[in-house]
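Now for the letters of each chain:
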Amino acid sequence: ADADPTNPAATKSFNQERYQNFVMNGLGKSGLTEADLFLLVKDFLTYEKLQTLLGGAIEVNPDDVKQTYQAMSQKIAATYVTLPLTDFTAKQQATEEQLKEYWEIRKDRFKTETRRKFSYVIGTPQYPQGAEKAPEPPKPAKEGDPAPEPSAEDKAILEKRRKAELDVAAKMDDILAAIESSKGGEFENAVKKEGWEIRVTELFTASTIPDVLLPLTPRKTTKTLTQLLFDLKTTSDPISKFTSSFPVGEADWFIARIDAEEESRVKTFEEAKEEVTKQWIDEKAKEALKTAAEDLKKKIEEAIKGGKSFADAAKDAGQTTSSIGPIRNGETPAGQSEASAIFTAAQYVNPGSLTDIVNTEKGAIIAVVDQREIEKDPNTESMIMGGVSRFQEQMRVMAFQSWLTERNTTSKVSQ
């Protein structure tokens, strides 16, 4: 369509020439035809119509959107006390019987890691003399200019390096072919034929990979070497014990074979005792913390009803108060990592009232809201209306997805 890009309201018109060019060139590159395009447009229009029909009765209340917007755009100040989890952890003492009972019920949580032993080969390019190191890329004369072409000499070096890298990749493919044709029997001979050596590891787990393997970062994949080695699913077929040939490091290639495996198993009590003790203490400490926080909140609430301030009520309960804010949503003042959790708990609480107990990794927090102030913004109304439109669209999509799921279940097509 032709339109003035600086004027969104400009009238658009159909451009036959551009459309024909798109059909002839753009679609062809994707392996599609004009008929495929018509089907796609038809499906999209059907989707839009269904979404409109199914979501036609759904309405979003602007007041709800306004309340949400104001809750997220306000500034909050609060006073609070913290009950550190460490205070309760230090008090927990478990007997041998308690730990054994805990382990017996939950023993499936405590398992050994799978251990594997590998033989592997690393194929490294043998660069010819003078091409051992890649030349530095030429730099532009000044910032913003395009980089100049490498010199003829540098191009020759790069070509020699490329051939050496292609050669090592081809050799690794030959080794892999020998492995596959011999069901793994020719691994050692194929490696020896190329003048390389097979290296052998001891048994190790996914979390204790040998230092010698750590620098081997796989290329062309998001997986780590550990994942590639431990994701191998072995069967009765000897080939299943081998990885493929894959690139690692800057230009190396890698093939490995599983030589031995100790599968994961449930640990004995003695093997798991340290983990069991830690988990038992952690659970009991959190239970004690929860009870203490609820009791403290009740005491403070009763004291406030009796006319005391939050600070005085906390002091009478043996607690020290801290203050935070005024802060906006997402702000975290230095040294107050709990800020976000306090803001979330306080965003709908009236000043002078206590929030719900705020649980963090470090402990429990009891807070009183000192101040809530909605920040003025001249664009508030337009932002709220935009929010209504977004929520309306989201609700329509959800309605369509629910309808589609229900129809799929009723039709039993996926069974």
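Everything below is about the structure printed above this text.
Every chain begins its residue count from 1, and numbering advances along the sequence as written. Only residues with pLDDT of 70 or above have their local features reported here, since the model is predicted, and side-chain atom pairs are shown and tallied only from 80 upward, although totals for entire chains, interfaces and linings are computed over all residues. Neither water nor hydrogens contribute to the side-chain values; these are computed over all heavy atoms in the structure.

A. Representation of the sheet that holds strand S4 (residues 246-248). Across the sheet, which stays open at both edges, the 4 strands sit in the order S3-S2-S5-S4 with antiparallel pairing between neighbours. Looking at which strands have only one partner, the edges of the open sheet turn out to be strand S3 (199-200) and S4. Packing of helix H6 (residues 152-181) onto the sheet brings it into contact with strand S2 (115-123) and strand S5 (252-262), and relative to S5 it is tilted by some 30°. Strands pair, by our definition, only if DSSP identifies at least two bridges between them. Secondary structure elements follow DSSP: runs of H or I no shorter than four residues count as helices, runs of E no shorter than two count as strands, and numbering proceeds from the N terminus. For this analysis, residues touch if any pair of their heavy atoms sits within 4.5 Å. Helix axes are fitted only over the stretch in contact, all axes being lines through C-alpha atoms; the angle between N-to-C directions runs from 0 to 180 degrees.

B. Representation of the side chain of Ser-240 within the structure. Structurally, the position occupied by Ser-240 is in the loop between helix H8 (225-230) and S4. Whether a residue is buried, partly exposed or exposed follows from its accessible area with a 1.4 Å probe, protein chains only, as a fraction of its type maximum: under 20%, in between, or over 50%, in that order. On the basis of relative accessibility, which here comes to 14%, the residue Ser-240 falls in the buried class. The definition of a polar contact used here is a pair of N or O atoms within 3.5 Å, where within protein one atom must be able to donate a hydrogen and the other to accept one, and adjacent residues in sequence count solely through side-chain atom pairs. At 2.8 Å, the side chain of Ser-240 and the backbone nitrogen of Thr-235 are in polar contact. The contacts of Ser-240, once residues within four sequence positions are left out, are Leu-232, Lys-233, Thr-234 and Thr-235.

C. How the structure looks around the packing of aromatic side chains. For Phe, Tyr and Trp, where Trp contributes only its six-membered ring, two rings pair if their centres lie within 6.5 Å, and the inter-plane angle classes them as stacked under 30 degrees, edge-to-face over 60, or tilted in between. Per the stated rule, a full pass over the model turns up 7 aromatic pairs. Geometrically, the ring pair formed by Phe-118 and Phe-204 is tilted, given 5.7 Å between the ring centres and 40° between the ring planes. Of the two residues, Phe-118 is situated in strand S2 and Phe-204 in the loop between S3 and H8; the sequence distance between them amounts to 86 residues. Residue classification places Phe-204 among the buried residues on the basis of a relative accessible area of 3%. Considering the side-chain rings of Phe-118 and Phe-230, the 6.3 Å spacing of their centres and the 75° angle between planes classify their relative orientation as edge-to-face. Of the two residues, Phe-118 sits in strand S2 while Phe-230 sits in helix H8, which places them 112 residues apart along the sequence. On the accessibility criterion, Phe-118 (2% relative accessible area) is buried.

D. Representation of helix H5 (residues 96-106) within the structure. Listed in full, the buried residues belonging to H5 are Leu-99, Tyr-102 and Trp-103. For H5, the angular spread of buried residues about the axis comes to 95°, placing them on one side. H5 presents Glu-97, Glu-101 and Ile-105 as exposed residues on the side facing more than 90 degrees away from its buried surface. In this fold, the buried residues of H5 make contact with helix H9 (269-305). It is the directions from the helix axis to the C-beta atoms that the arc portrays.

Geometry only, nothing functional implied.
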